[in-house]
Amino acid sequence: MNIDGHIFPSCPICSQDAVSLLLRHANFDNTKIFFCPTCHHWFSYPTPDSLELERYYKESYSRRRSLYFNEKYYALMERRSQAQIGFINKCLQESGFRENYHEWEIVDFGCGIGALVAMLQRSGVKYVIGYDIDPEAVNFGHKRWSANIA
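Quick caveat: nothing in here was measured; it's all calculated off a predicted structure.

**Re the pattern of salt bridges**
- Scanning all chains against the criterion turns up three salt bridges.
- A salt bridge links Glu71 to Arg144; the nearest nitrogen and oxygen atoms lie 3.2 Å apart. Highlighted residues: Glu71 in helix α2 (residues 71-95) and Arg144 in helix α4 (residues 135-145), separated in sequence by 73 residues.
- The class for Glu71 is exposed, based on a relative accessible area of 51%.
- Arg144 is the salt-bridge partner of Glu78, the closest N and O atoms lying 4.0 Å from each other. Of this pair, Glu78 sits in helix α2 while Arg144 sits in helix α4, and the two are 66 residues apart along the sequence.
- By sharing partners, the salt bridges in this structure join Glu71, Glu78 and Arg144 into a single network.

Printed below as a string of structure tokens:
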């Protein structure tokens, strides 16, 4: 859908055009976050392409990799996951979406050490799983939080 020169995609779940633009993605200039009030699906559009993802991970992950796996980082990830759940709850409240997220099934791709997955597990989400390509991060998440990550 095109509104005032801006392209708004249809919802990839229910195909409705009445989606709301919520914000721009902080790490990918062309990607925006949308919400569909019909089926309550949140999605990004357009998705970052392989070159954008490669650039992002080269610049951020490999540079910061040496900072991982210490107590300060673990505490930061725990606080970050609490903030993410707070953000989710705030957005749900502001959107008028009152469905119980304890019935949700969630997949977290790129979950790192699994702090968010573990926090979602503890908060009562019906089912949550995380995936990451870093075996050291996955091992750590299993050991520290019993996070359901692979």
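On we go.
**Digging into the nonpolar core**
- Counting residues in each nonpolar core, the largest one holds 23 residues, and the members touching the most others are Ile113, Leu120 and Trp145.
- Sorting the residues of this core by element identifies α2, α3 (115-123) and α4 as the ones contributing at least two each.
- It is α3 that provides the largest number of residues to this core, a total of six residues.
- Those residues in contact with Ile113 that lie beyond four places of it in its chain are Phe69, Tyr73, Tyr74, Met77, Ala137, Phe140, Gly141, Trp145 and Ile149.
- In this structure, Cys11, Val19, Phe34 and Cys36 belong to the second largest nonpolar core, which totals six residues.

**Quick look at α2**
- Given a rise of 1.5 Å per residue, 25 residues ought to cover 36 Å, and the 36 Å separating the end C-alpha atoms of α2 matches this to within 8%.
- Buried within α2 we find Tyr73, Tyr74, Met77, Ser81, Ile85, Cys91 and Leu92.
- Its buried side turned inward, α2 meets β5 (42-45), α3 and α4.
- Taking the backbone nitrogen of Lys72 as reference, a side-chain oxygen 3.1 Å away marks Asn70 as the first, capping residue of α2.
- Of the residues trailing α2, Gly96 is marked for its positive phi of about 80°.

The rules behind the values
Residues numbered from 1 in each chain as written. Predicted model: local features only at pLDDT ≥ 70, side-chain atom pairs only at ≥ 80, totals over all residues. Heavy atoms only, no water. Salt bridge = Lys/Arg side-chain N within 4 Å of Asp/Glu carboxyl O. Helix = DSSP H or I, 4+ residues; strand = E, 2+ residues; numbered from the N terminus. Buried < 20%, exposed > 50% of the residue type's maximum accessible area, 1.4 Å probe, protein only. Core = buried A, V, L, I, M, F, W, Y, C linked by side-chain atoms within 4.5 Å. Contact = heavy atoms within 4.5 Å. Expected span 1.5 Å × (residues − 1). Polar contact = N/O pair within 3.5 Å; in protein donor to acceptor, adjacent residues only side chain to side chain.

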